[in-house]
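Descriptive analysis of the structure
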Amino acid sequence: MSLLILSSSDVESVAENISPIQIINLMSKVFADLSSDTSPGQTEPVIQSPERTSVQTPHQTILFMPSYWHSAGTAIKIVSVPKESAQNQRQAGLPATTAVVNAETGCVEAIVNARTLTALRNAAGSALATSLLQSSKPAPKSLVLFGAGLQMGCHARILLHPEVYGSSIQEVTVINRSDNERLRTLVQDLKSRFSRIEKGIKGIASSDESQVEDAVRNADLICTATSSISPLFPSNWVKSGTHLNLIGSYTPDMREVDEELVRRAGVILVDSREACWKEAGDLIQAGWAEGREEKDELDRKILEIGEFPPQAQEAKIGDDAVTIFKSVGVGVQDVAIASLVARLAREKGIGTLVPYD
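None of these values were measured; they are calculated from a predicted model.

**Some points on the side chain of serine 235**
Considering the arrangement of structural elements, one finds serine 235 in the loop between β11 (221-224) and β12 (243-246). Those residues within four positions of serine 235 in sequence are excluded, and the remaining contacts are Asp258, Glu260, Leu261 and Arg264.

In structure tokens:
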């Protein structure tokens, strides 16, 4: 048996040729199965996704996330999150690797650089949620991205694709902590990829509060991927009808929006109620916790994306309703996207094959 090794550039080569719609549809199937115990004809759980575990080292928190999906198989993703003592490593993003296990032999058949894949599956989930919650609203014309890393780069590339919202979005504003090289590189990349709206694409630093406020007030669609522990903007800057994809926070202490905005939302979709109940600081700090008086009200409007849309709930979403998708990420998404990329790489002869057995 040979082991397939896919580097970051290998993954990029494969991913560039995958239609965004294919990835969005893949995430739709993942979320649908995640929200159901079994599929038709299945007696065993279609998904097994144990809680992630971690190992603390002097400079890193190393996360281990195993998962199984009956449609793709088994994989485990390993992600290293730098601590304060490793600040110099933060600029490069989070190192991530996924090991894909062969369903028949039980052997690892592929080692995949997962940095891009994590961003890609998150962006596809956001695009899916946006399409579900925007279906009865006018197509978005103004997109605001908080963060200039790989996450927001993938969000922009998927949302601006002609098959998604590329024909409607006219303005893109990327907001970063500082006006640095990473911000300028992303803005230039987007201008090159989407020359039709080149003049409508710009980057600003979060310290320029007046420009940030103008961008948020004008936004039809806001996506955030930061490590913030305080709201990035106040609720009253967000106009009625805006949809937000929040993917940055993954602990109870982190949040990107304030309590008022969460309570304003007509519908809040989550990737996993169980995971968000434990990890989504935006929701937890807004009162989605035992003993909080706001819990019951939030319970009524928080739905898993895989169980949406119940017809009764869909009817309640008006054009002026603020809607939110909160994602903390689930391991089965990694199984799905890594298995797809590994299969396509083998078919196209991309990557390095290493004799193993």
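**Some remarks on the nonpolar core**
Among the nonpolar cores identified, the biggest contains 72 residues, and Val172, Val174 and Leu269 are the most heavily contacted of them. Take this core: its biggest share by element is 10 residues, from helix α13 (residues 331-348). Beyond its immediate chain neighbours, meaning those up to four positions away, valine 174 contacts Leu145, Gly147, Ala148, Leu183, Leu186, Val187, Leu190, Lys202, Gly203 and Ile204. By size, the runner-up hydrophobic cluster in this structure holds 31 residues, among which are Val212, Trp288, Leu298 and Ile324.

**Some points on the sheet that holds strand β9 (residues 171-176)**
Strand order in the open sheet made by the 8 strands is β10-β9-β8-β11-β12-β15-β13-β14, with parallel pairing throughout. Pairing within the sheet leaves two strands with one partner each, and these edge strands are β10 (201-205) and β14 (302-304). Within this sheet the neighbouring strands show an average axis-to-axis angle of 20°, counted without direction. Pairing of β11 with β12 involves 4 bridges; the strand directions are parallel. Considered in β12, the bridge of leucine 221 is made with histidine 243. Strands in contact with helix α4 (residues 115-133) are β11, β12, β13 (267-270) and β15 (323-326); relative to β12, the strand with the most contacts, it is inclined by about 155°.

Thresholds applied
- Residues numbered from 1 in each chain as written.
- Predicted model: local features only at pLDDT ≥ 70, side-chain atom pairs only at ≥ 80, totals over all residues.
- Heavy atoms only, no water.
- Helix = DSSP H or I, 4+ residues; strand = E, 2+ residues; numbered from the N terminus.
- Contact = heavy atoms within 4.5 Å.
- Core = buried A, V, L, I, M, F, W, Y, C linked by side-chain atoms within 4.5 Å.
- Buried < 20%, exposed > 50% of the residue type's maximum accessible area, 1.4 Å probe, protein only.
- Pairing = 2+ DSSP bridges.
- Axes fitted to C-alpha atoms, helices over the stretch in contact; angles between N-to-C directions.

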